[in-house]
Amino acid sequence: MKKYLIFSFLFGFISVNVAQTIPKNYTINKKVFGKISDLTPESNSIEYIEFNKDTIWVGTGGGLSKSTDAGKSWTNITFGEEGISALSIHNDTVWCATWHALDNAGEVLPVGSGLHYSDDGGKNWVDIPQPIDASGDSSIVYGINRIRAIPITTEVNNFTESIAFTRNTIWIASFAGELRKSNDNGKTWKRVVLPPDYLDEIKPTDTLNFTLSPSGGKLGFENNLNHRVFSISAINDSTLYVGTANGINRSTDNGISWIKFNHQNQTNPISGNFILDIEYDYANNTIWAATWKAEDQDEFYGISSSSDGGKNWQTYLAGEKCHGFSISKETTDIFAATENGVFRTRDNGISWIAAPEMIDDLTKSAIKIKKFRAVAFKKIDNTTNDIWFGSENGLAKLRETGGIWEGKWTVFLASPSSGSASESFVFPNPFSPDEESLRFKYNTNDESKKVSIRIFDFSMNLVRTVVQNVTRRISAESSPSDFWDGRDENGIIVPNGVYFYRIDIGSNQQPIFGKIIVLM
């Protein structure tokens with residue numbers, strides 16, 4: 001999910017002609033989700049990891065997965081074919097947001113499909129539609145002002161990336177949907193006003209004249225990067241930090257007044273204005289942020305922290321693209337999941353130690369890429385820690401019993417099964433050709449058959465013949481035999497977009513078709 005978020009930011013706010021949507025109803029889903037005792041999480045694309053006492057929850061590209069026995073078995077919970085775009089736990093209630101990709105004339109657009117929460121360990125879920133506005137919702141009262149606001153009438157580009165909680169209030173950060181809050185458990189939502197790009201702070205007694213708008217759109221609204229919201233952290237019932245594409249916003253009066261910190265308006269600033277994640281270290285009263293380069297050439301990728309409420313910042317790991325943190329409540333450990341591995345500090349960022357290669361001690365399976373989206377730490381006892389790592393291509397756990405990074409490694413790699421010769425899977429999907437290969441899973445029903453696999457672009461032009469008339473004997477239990485490296489017939493990596501594959505098995509069977517999303 002974060003990959004789509006970054007893509008949308010870097011290439012601009014994507015406008016799409018979608019019919020205005022009437023707000024849907026708040027519904028209760030009585031269906032019990034889940035397949036109990038699976039050996040692995042639902043998907044290898046791991047976006048979030050959260051603990052609730054002895055239960056670990058994992059948000060993946062295929063749904064939620066939970067384990068109550070430290071990963072020995074898993075319950076996989078799916079919401080149709082939706083992926084998880086946010087995950088948070090509050091008072092034993094699990095909240096998540098979902099999304100899917102939309103094919104729009106060859107463009108891949110993210111679509112928010114709503115929020116879901118469960119207070120019984122995932123057996124039953126309350127489903128909440130993605131918050132949107134009516135077409136006439138074009139202004140908001142803020143103190144003495146009536147602020148002009150662009151109505152967000154569609155779920156396209158409107159997906160929730162972060163969820164936080166204060167007393168009796170739920171806060172969500174959505175890319176196109178901005179910052180919103182609910183005081184009735186998600187039945188209704190109210191937009192929260194943040195400063196525009198050209199103001200560093202706002203309060204209700206100010207006389208203001210700006211537009212609440214993440215995009216100019218066809219109506220000529222302002223294009224405020226500070227209204228493209230990615231992350232939120234609630235420190236207590238009055239203090240919140242909100243990360244956008246224009247910096248970090250702090251409120252000390254429960255989201256009424258705001259002051260903004262960014263790379264341009266401070267002497268000791270954050271490294272970059274694009275804020276993917278914000279976490280708080282309560283032991284040291286320090287805020288940590290994943291601060292990416294945005295539009296200013298002086299900005300840079302890195303990690304930023306502040307121990308004085310955002311007035312001054314220290315920066316670390318310059319050049320690293322951080323996606324998320326885990327901060328131990330029992331030790332001094334702070335972990336950062338980046339696109340170049342997972343890093344750990346025990347001295348508040350002065351020194352960092354990279355995690356070693358993650359290889360399962362028993363099966364020798366390995367996490368073969370360095371792009372990590374999530375990390376989570378749990379202290380088991382005085383000598384034992386569990387550290388979980390979520391990558392774009394699998395989940396890993398270290399039962400740390402010795403020194404730093406020393407102990408037993410377990411790697412969890414999901415491999416979907418194909419029960420008949422009429423079914424096929426590809427994974428990971430979406431995938432990045434610059435760091436991984438796409439694996440094909442199909443079934444010849446344990447018979448020797450000639451197999452051909454071809455890749456086509458959105459216009460059904462042939463891109464690559466992966467294999468042609470090769471003999472395969474594959475059962476439902478066997479491993480995939482064929483891979484695509486994301487290159488065309490000339491050896492050039494294909495552009496981002498939607499592609500299709502065709503698998504021909506034998507001479508009498510109908511071909512199998514499927515979709516691939518390439519995104520780097």
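Model, not experiment: these values are computed from the prediction.

Participant: Help me understand the packing of aromatic side chains in this model?
Facilitator: Given two aromatic rings, one states the distance between the centres and the angle between the planes to describe the pair. Taken as a whole and judged by the stated rule, the model has 24 aromatic pairs. With a centroid separation of 5.8 Å and 15° between ring planes, the pair formed by Phe175 and Phe230 is classed as stacked. With Phe175 in the loop between strand S14 (169–174) and strand S15 (178–182) and Phe230 in strand S19 (residues 229–234), the pair connects residues that are 55 residues apart, well separated along the chain. Residues Phe175 and Phe230 agree in their burial class; the two are buried. Among the aromatic residues, ring-to-ring pairing joins Phe159, Phe175, Phe230, Phe274, Trp292 and Tyr301 into one connected group. Arg344 extends its terminal NZ or CZ atom over the ring of Trp405, reaching a point 4.8 Å from the ring centre. A cation over an aromatic ring shows up here: Lys378 above the ring of Phe51, its NZ or CZ 5.5 Å from the ring centre.

Participant: Please clarify how the environment of Trp313 should be interpreted in this entry.
Facilitator: Mapped onto the fold, Trp313 is located in the loop between strand S25 (302–306) and strand S26 (314–316). Judged by its relative accessible area of 4%, Trp313 is buried. Taking the C-alpha atoms as reference, Trp313 lies 9.3 Å from Ile287; in sequence the two are 26 residues apart. Reaching out from Trp313, the side chain makes a polar contact with the side chain of Gln266 at a distance of 3.3 Å. Among the polar contacts made by the side chain of Trp313, one reaches the main-chain carbonyl oxygen of Gly310 at a distance of 2.9 Å.

Participant: Help me out: how do you make sense of the sheet that holds strand S31 (residues 372–381) in this one?
Facilitator: Adjacent strands of a sheet form backbone hydrogen bonds with each other and so pair up, either parallel or antiparallel. Pairing is antiparallel across the open sheet formed by four strands, whose spatial order is S31-S32-S33-S34. Across the chains shown, the open sheet's two edge strands, defined by having one partner strand only, are S31 and strand S34 (407–412). Mean inter-strand twist for the sheet, computed between neighbouring axes without regard to direction, equals 15°. The sheet contact formed by strand S32 (residues 384–391) and strand S33 (residues 394–400) spans seven bridges and is antiparallel.

Participant: It is not clear to me how the environment of Tyr499 should be interpreted in this structure. Could you clarify?
Facilitator: Within the secondary structure, Tyr499 sits in strand S40 (residues 497–505). Note: C-alpha distance between Tyr499 and Leu462 (37 residues apart in sequence) is 10.0 Å. Not counting residues within four places of it along the chain, the set of residues in contact with Tyr499 comprises Ile455, Phe456, Asp457, Val463, Val494, Gly514, Lys515, Ile516 and Val518. At 2.8 Å, the side chain of Tyr499 and the backbone oxygen of Pro495 are in polar contact.

Participant: Quick question: what am I supposed to make of the confidence of the model for the protein chain here?
Facilitator: Note: predicted coordinates in regions of low pLDDT should not be interpreted at a detailed level. The predicted model of the protein chain has a mean per-residue pLDDT of 87, with 88% of residues at 70 or higher. A low-confidence stretch, residues 13–37 stays under pLDDT 50, and its non-local contacts, those more than four residues away or across chains, total 65 contacts.

Participant: What exactly am I supposed to notice about unusual backbone geometry here?
Facilitator: Glycine aside, the phi torsion of most residues is negative, and most peptide linkages are trans. Despite not being glycine, Asp92 shows a phi value in the positive range, around 70°. Mapping Asp92 onto the fold places it in the loop between strand S7 (83–90) and strand S8 (93–104). Although it is not a glycine, Glu178 adopts a positive phi angle of roughly 65°. Looking at the element boundaries, Glu178 is found in strand S15.

Participant: Help me out: how do you make sense of the sheet that holds strand S29 (residues 341–345) in this one?
Facilitator: The antiparallel open sheet is built from four strands, whose spatial order is S27-S28-S29-S30. Edge strands, defined here as strands with exactly one partner in the open sheet, are strand S27 (322–327) and strand S30 (353–354). Pairing analysis gives five bridges linking S27 to strand S28 (residues 334–338), with the strands arranged antiparallel. The partner of Ile327 across the bridge, within S28, is Ile334.

Participant: Any chance you could explain the pairing of S31 here in plain terms?
Facilitator: Side-chain direction in a regular strand flips from residue to residue, so the side chains alternate between the two faces of the sheet. Here S31 runs beside S32; their pairing, made up of eight bridges, is antiparallel. The partner of Ala376 across the bridge, within S32, is Trp388. Hairpin connection of S31 to S32: two residues between the antiparallel strands.

Participant: I'm lost on the pattern of salt bridges in this one. Help?
Facilitator: Charged atoms that come close allow side chains of opposite charge to pair. For the structure on display, the rule yields 19 salt bridges. Ionic pairing is found between Asp333 and Arg344, a salt bridge with its closest N-O pair at 2.8 Å. Taken together, the positions of Asp333 in the loop between S27 and S28 and Arg344 in strand S29 put the pair 11 residues apart, joining distant regions of the chain. Like Asp333, the residue Arg344 is buried in the burial classification. Residue Arg373 pairs with Glu339 through a salt bridge whose shortest N-O separation is 3.7 Å. Here Arg373, found in strand S31, pairs with Glu339, found in the loop between S28 and S29; they are 34 residues apart in sequence, far enough to count as distant.

Conventions used here
Residues numbered from 1 in each chain as written. Predicted model: local features only at pLDDT ≥ 70, side-chain atom pairs only at ≥ 80, totals over all residues. Heavy atoms only, no water. Phe/Tyr/Trp six-rings, centres within 6.5 Å; stacked < 30°, edge-to-face > 60°. Helix = DSSP H or I, 4+ residues; strand = E, 2+ residues; numbered from the N terminus. Buried < 20%, exposed > 50% of the residue type's maximum accessible area, 1.4 Å probe, protein only. Lys NZ or Arg CZ within 6 Å of the ring centre and 35° of its normal. Polar contact = N/O pair within 3.5 Å; in protein donor to acceptor, adjacent residues only side chain to side chain. Pairing = 2+ DSSP bridges. Axes fitted to C-alpha atoms, helices over the stretch in contact; angles between N-to-C directions. Contact = heavy atoms within 4.5 Å. pLDDT = per-residue confidence, 0-100. Salt bridge = Lys/Arg side-chain N within 4 Å of Asp/Glu carboxyl O.

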